Amino acid sequence: PILKRLPALGVILLVSLSIGSEDECCQHKTVGDHLYHYVGWDDTSQYNCHSNCVYSIDGKPGNRFCFKSGNEKSVCHNDYEAPGEKTLNWTFGIGPKCIPVKKGTSLIFKYTEQQHNVNKLTLSDYNGCTGFTDTAANSLSPLKYMMNTSGDFYFACGVPGHCSAGMRIHVAVDRACP
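Residues numbered from 1 in each chain as written. Predicted model: local features only at pLDDT ≥ 70, side-chain atom pairs only at ≥ 80, totals over all residues. Heavy atoms only, no water.

*Asks:* Would you take a moment to explain the sheet that holds strand E11 (residues 119-121) for this structure?
*Replies:* Each strand in a sheet pairs with another by means of backbone hydrogen bonds, the pair being arranged parallel or else antiparallel. If you walk across this open sheet you meet the four strands as E9-E14-E13-E11, and the pairing is mixed. Every other strand in the sheet has two partners, leaving strand E9 (97-101) and E11 as the edge strands with one partner each. Across the sheet, the mean angle separating the axes of adjacent strands is 30 degrees when strand polarity is ignored. (Pairing = 2+ DSSP bridges. Helix = DSSP H or I, 4+ residues; strand = E, 2+ residues; numbered from the N terminus. Axes fitted to C-alpha atoms, helices over the stretch in contact; angles between N-to-C directions.)

Next up, the structure:
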């Protein structure tokens, strides 16, 4: 969609372009590298937006945006987590998947003690289930990681065979999952 800025009652400012369209409003939407949050429904017909969904963006209080078709990728994610605590039931089959969270989120891995562990990995090691610094099960559950930096982070269980059985996740901090 083409991104339109709708301040208070509506001066138009063309900011970005995007492809695709949603038939309903997303709770959170990424267009390019920017994350937008749904704020409500309003008449956007004067801006030629594809829907009446209105969004805001972090760091720009008071601004409102709607979207229309364009050429930049738009991703809808209703599973986005606001900062706070995100508890994961760390067990077989949890992944591989991506979890989008906001910077400042406390990520808590909860697992059966003496059966699993948690390793922070590079993308290459995550994809290949290699590079583990710890391969022994432990009793550190619940284990907490503070997600204080924007970016992509990769976690997996280092107990032999567990990563390849799906015990791995990609955490996207302040960005959309691929």
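*Asks:* What am I meant to see in the nonpolar core here?
*Replies:* Among soluble globular proteins, nonpolar side chains are generally buried collectively. Formed by 19 residues in total, the largest nonpolar core has its most connected members in Trp90, Phe109, Met147, Phe155, Ile169 and Val171. Those elements giving two or more residues to this core turn out to be E9, strand E10 (105-110), strand E12 (143-147), strand E13 (151-156) and strand E14 (168-173). Broken down by element, this core gets its largest block of residues, three residues, from E14. Grouped together as the second largest cluster of nonpolar side chains are nine residues, Cys25, Cys26, Cys53 and Ile57 included. (Core = buried A, V, L, I, M, F, W, Y, C linked by side-chain atoms within 4.5 Å. Buried < 20%, exposed > 50% of the residue type's maximum accessible area, 1.4 Å probe, protein only.)

*Asks:* Sorry if this is basic, but what is going on with the sheet that holds E10 here?
*Replies:* The strand order E8-E10-E12 describes an open sheet built from three strands, whose pairing is mixed. In this open sheet, the two strands that pair with only one neighbour each are strand E8 (85-89) and E12. The average undirected angle you get between the axes of adjacent strands in this sheet is 20 degrees. Across five bridges, the pairing between E10 and E12 is antiparallel. Paired with phenylalanine 109 across the bridge in E12 is leucine 143.

*Asks:* It is not clear to me how the state of the cysteines should be interpreted in this structure. Could you clarify?
*Replies:* Each disulfide is one covalent bond, formed between the sulfur atoms of two cysteines. Counted by the stated rule, this structure contains three disulfides. Between the sulfur of cysteine 49 and that of cysteine 66 lies a disulfide, 1.8 Å long from S to S. Placement of cysteine 49 in the loop between strand E4 (34-41) and strand E5 (53-57) and of cysteine 66 in strand E6 (residues 65-68) is noted, with a sequence separation of 17 residues between them. Bridging cysteine 129 to cysteine 163, the disulfide has an S-S length of 2.1 Å. The chirality of the disulfide connecting cysteine 129 with cysteine 163 is left-handed, given an S-S dihedral of about -75 degrees. Separated by 34 residues along the polypeptide, cysteine 129 in the loop between helix H1 (123-128) and E12 and cysteine 163 in the loop between E13 and E14 bring together distant segments of the chain. (Disulfide = S-S within 2.5 Å.)

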